[in-house]
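Coordinate inspection notes
Next come the chains, spelled out residue by residue.
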Amino acid sequence: MASISSRRLQKELKEIKTEGCPVGITLLEAENFDKWLFSIEVMGESQYQGEAYTLMFRFPPMYPIESPAVQFVVDQTHQSPVHPHVYSNGHICASILGTDWSPVLSVVSVCVTLQSMLASCKKKERPPDNDQYVSRAPDNPKKTRFHYDDDTV
Amino acid sequence: MDMDAFNDDFKVTSKGKHKSYEIDYESLTQGAVEKLMQADIEHISGIFGVDENTASLLLRYMNWNKERLIEKYMDNAASVTSSAGISPLEPPTSQSQAPIRSSIEAFVCPICFDDSQTKTLCLSCDHTFCASCWIAYATSKIRDDQEMAIRCMAEGCSLVAPDLFVRSILEEDTTTWDRFRELVIRHFVASNPNLKYCPYPSCTHTVSCPSASSKSSLATVVPTVACGASATHKFCFGCPIDGDHRPVICGVAKMWLKKCRDDSETANWIKSNTKECSKCQSTIEKNGGCNHMTCKKCKHEFCWVCMGPWIEHGTAWYSCNRYDEKDGVDARDAQSKSRASLERYLHYYNRWANHEQSAKLSIELYSKTEKKMEEMQITSDLTWIEVQFMKKAVDEVEKCRMTLKWTYAMAYYLDKGNEKELFEDNQRDLERAVEDLSELLESPIEAENIPTLRQKVTDKTVYVQKRNEIVLEDTANGFLEGRWQWNCSVDGFD
């Protein structure tokens, strides 16, 4: 079954390399078909002007039938954006990464969605349950059952 | 209203007169349940003039509630249809093959990006994907997510694949298709209060028991049912407790199990056996010695009886001269009260646990009895059939221990009075008979004693059986007559 994900990712990678990524999104690392890294920057006027974040994709063998595990990288040099749907450990609460995932979505389309999620943010703040969630969160955000309560931001 | 509708659908044929502690039910195989489901589908399909695929999807969306579906459909057919994931464009008679398209120009599947695929499929929304992606998607949904609504893979498309479509993509994978059908049937059973799936692993039988489908009925009957697939598949229709909890009703049985599980009794023990240091509040258990206590932690010296500082006792060493003062008396009363409630609980719990333990050892008893039966055949001229009285006796003992076990849960909650006394008399008679029979079963076998032993065991078995029936029947009648009074509030009682 691994052939599905590798063929699809090969194709996606080829497209990224020939056609490039949308403005503000850059491929940082794609050495294998398990984990890719992207840099995301919000263009134009926004709360996150001049800030760049690193997004990590981890692909299950059944990708794209199954959704990828997507989160912001958080370590000594990287931070996650302060946003009501992004936890300080980098986990993201977005329905397209969970129940609303569709196999026709791609890595680039996820990047674009998350970029616009940041762009439309009016006020930089953490989710209200941030501390509680981060202290008990699993390593893989896909193991969390998020409750998608707000689709305005 | 819904309840009546279901009752009309599944009339359980009365099996004539039954005992008051037994309940009417019917065991159904998966095929029989499928037929019930099919009847509902055909009914809806006939009323609405839609094909069976559509009728089935509509019913699933409304959790198989026909009345509400009809009501909603008459109100606004288009809205129900689209919420159920059915395309309004679908012609009502599209019973033909699922649309399979073989395009002439090269097709690149937007999921796997494979352009060598020749077989593509789509629902009526025209979102086309290659067949192998559909297969992988449906298999993952059914096997990993236990999902029976297979939606179109396109983003934001809410169309649900009809069964014919699912079947066509799973043509070569009958196990997944069977799993899919099982999921639909399970959904049907779960949505119907008259039906319950047998809880035993991998059993696919269903039990229909309309007389125990409402919560209020559970205050008067104990719906112990068997699915029919195997004699051991006995379960309660009204609650998730394993096996047979007669004669006690579900609500009381649940309360008792919760009490046994909770460590509230541990706290009770602490309360009756320990005191807190009056200075640092550490919990102290006095396990011997005199009343002059010295706290290990803060070195506070105090009197165990009056809890006052030891220094105030002056020269009255080792005997508290304030013993009869009001504070001391009150403290002692509170303590002995808590101790009495603990002892009462333990009285019932120990007897309950004893029967539970015996039931756990039943496998051992069975193998021991089997050896004895072989021995009997060797030492006497009895045949295999003639020594079966031993196994019968063990069966009966097991059954009665189960009844006895639950009578202790019942007696713990019964209010003091004549009724309780009668109940405990019946309980005692059964208990005594069971213990007598158990003892006979354990007695050593000597060749010359076998005929008398056989007679004794057979007689005792009959007697035990009778006593068990009396307990079950009288308790069940008591529930029907509203004779039982509880010492705490019980669900379904005022």
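Conventions adopted
- Within any chain, residue numbers begin from 1 and follow the written order of that chain's sequence.
- Chains and ligands are labelled sequentially in the order written, the chains with letters from A and the ligands with numbers from 1.
- Given that the model is predicted, a residue must reach a pLDDT of at least 70 before its local features are reported, and side-chain atom pairs must reach 80 or more before they are shown or counted; all residues, however, enter totals for whole chains, interfaces and linings.
- Secondary structure is summarised from DSSP: a helix means a run of H or I of at least four residues, a strand means a run of E of at least two, and numbering begins at the N terminus for each.
- As a reference, a globule follows 2.2 Å times the number of residues to the power 0.38, and the radius of gyration itself is taken over C-alpha atoms.
- Residues are called buried when their C-beta atom has 20 or more other C-beta atoms within 10 Å, exposed when it has 12 or fewer, and partly exposed otherwise; all C-beta atoms are positioned from the backbone.
- Two residues qualify as a contact pair if the distance between their C-beta atoms, derived from the backbone, is within 7 Å.
- Residues were grouped as follows: Ala, Val, Leu, Ile, Met, Phe, Trp, Tyr, Cys and Pro as nonpolar; Asp, Glu, Lys and Arg as charged; and all remaining residues, including Gly, as polar.
- UniProt positions are given in the numbering used here, feature names are shortened, and annotations may be inferred rather than shown by experiment.
- In this description, a nonpolar core means buried residues of the types Ala, Val, Leu, Ile, Met, Phe, Trp, Tyr and Cys, linked to one another by C-beta atoms lying within 7 Å.
- One less than the number of residues in a helix, times 1.5 Å, gives the span that helix is expected to have.
- Geometry is summarised by axes, namely lines fitted to C-alpha atoms with helices restricted to the contacting stretch, and by angles between N-to-C directions that run from 0 to 180 degrees.
- Should an angle fall under 35 degrees it is taken as roughly parallel, and over 145 as roughly antiparallel, whereas 65 to 115 is taken as roughly perpendicular and any remaining angle as oblique.
- Strands are labelled as partners when DSSP assigns at least two bridges between them.

Next up on the list: the overall build of chain A. Per the secondary structure count, chain A includes three helices and four strands. Start at the N end of chain A and walk to the C end: the helices and strands fall as α-β-β-β-β-α-α. The C-alpha radius of gyration of chain A comes to 15 Å, within 12% of the 15 Å expected for a compact globule of 153 residues. Seen through its principal axes, chain A has C-alpha atoms that stretch 40 × 35 × 30 Å. The buried share of chain A, taken over its 153 residues, is 31%. Partitioning the intrachain contacts of chain A with sequence separation of at least 6 by distance along the chain shows that 55% fall at a separation of at least 24.

So, on to the interface of chain A and chain B. With twelve residues of chain A in contact, the opposing surface of chain B contributes twelve residues. The residue inventory of the side of chain A that touches chain B, partitioned by class, reads seven nonpolar, one polar and four charged.

We now examine the UniProt feature "domain: RING-type" (unreviewed entry) in chain B. According to UniProt, the "domain: RING-type" (unreviewed entry) feature falls on residues 105–324 and 109–152 of chain B. This span, residues 109–152 of chain B, is 30% helix and 9% strand, and a straight line between its end C-alpha atoms measures 14 Å.

What follows is about the nonpolar core. Residue and element names in this part refer to chain B. Among the nonpolar cores identified, the biggest contains 50 residues, and Leu58, Leu59, Phe129, Cys133, Ala138 and Val166 are the most heavily contacted of them. Elements represented by at least two residues in this core include exactly helix H2 (30–48), helix H3 (52–61), helix H4 (66–75), strand E4 (129–130), helix H6 (131–143), helix H7 (163–169) and helix H8 (174–191). The element best represented in this core is H6, accounting for six residues. Not counting the four nearest positions on each side in its chain, leucine 59 is found in contact with Asp40, Ile41, Ile44, Trp64 and Leu69. With 30 residues, the next largest nonpolar core counts Val225, Cys250, Ala253 and Leu414 among its residues.

This part takes up helix H9 (residues 250–261) of chain B. Because an α-helix completes one turn every 3.6 residues, residues spaced three or four positions apart along the sequence face the same direction. Residue and element names in this part refer to chain B. Spanning twelve residues, H9 covers 16 Å between terminal C-alpha atoms, matching the ideal 16 Å at 1.5 Å per step. For H9, every residue scored as buried is listed here: Cys250, Gly251, Val252, Ala253 and Trp256. Looking at the buried positions of H9, the neighbouring elements they touch are strand E8 (234–236) and helix H13 (388–413).

It is worth spelling out the packing of H9 of chain B against H13 of chain B at this point. Residues and elements named next belong to chain B. Orientation of H9 relative to H13, taken along the N-to-C sense of each, is 90°, at an axis distance of 10 Å. One way to sum up the angle between H9 and H13 is to call them roughly perpendicular. On H13, the residues that touch Val252, Ala253, Met255 and Trp256 of H9 are Trp406, Ala409, Met410, Tyr412 and Tyr413. Of the residues in the contact of H9 with H13, the class split is nine nonpolar, no polar and no charged.

What follows deals with the packing of H2 of chain B against H8 of chain B. When two helices pack together, you describe them by how their axes are tilted relative to each other and by the distance separating the axes. Residue and element names in this part refer to chain B. Where H2 meets H8, the closest approach of the two axes is 10 Å, and the angle between their N-to-C directions is 70°. Relative to H8, the element H2 is oriented roughly perpendicular. Listed contacts from H8 to Gln30, Val33, Glu34 and Met37 of H2 are Ile185, Phe188 and Val189.

Residues and elements named next belong to chain B. The strand order across the open sheet formed by three strands is E1-E6-E5, and the pairing between neighbours is antiparallel. The sheet is open, and its two borders are formed by strand E1 (26–28) and strand E5 (195–197), each paired with just one other strand. Going across the sheet, the axis of each strand differs from the next one's by a mean of 25°, ignoring polarity.

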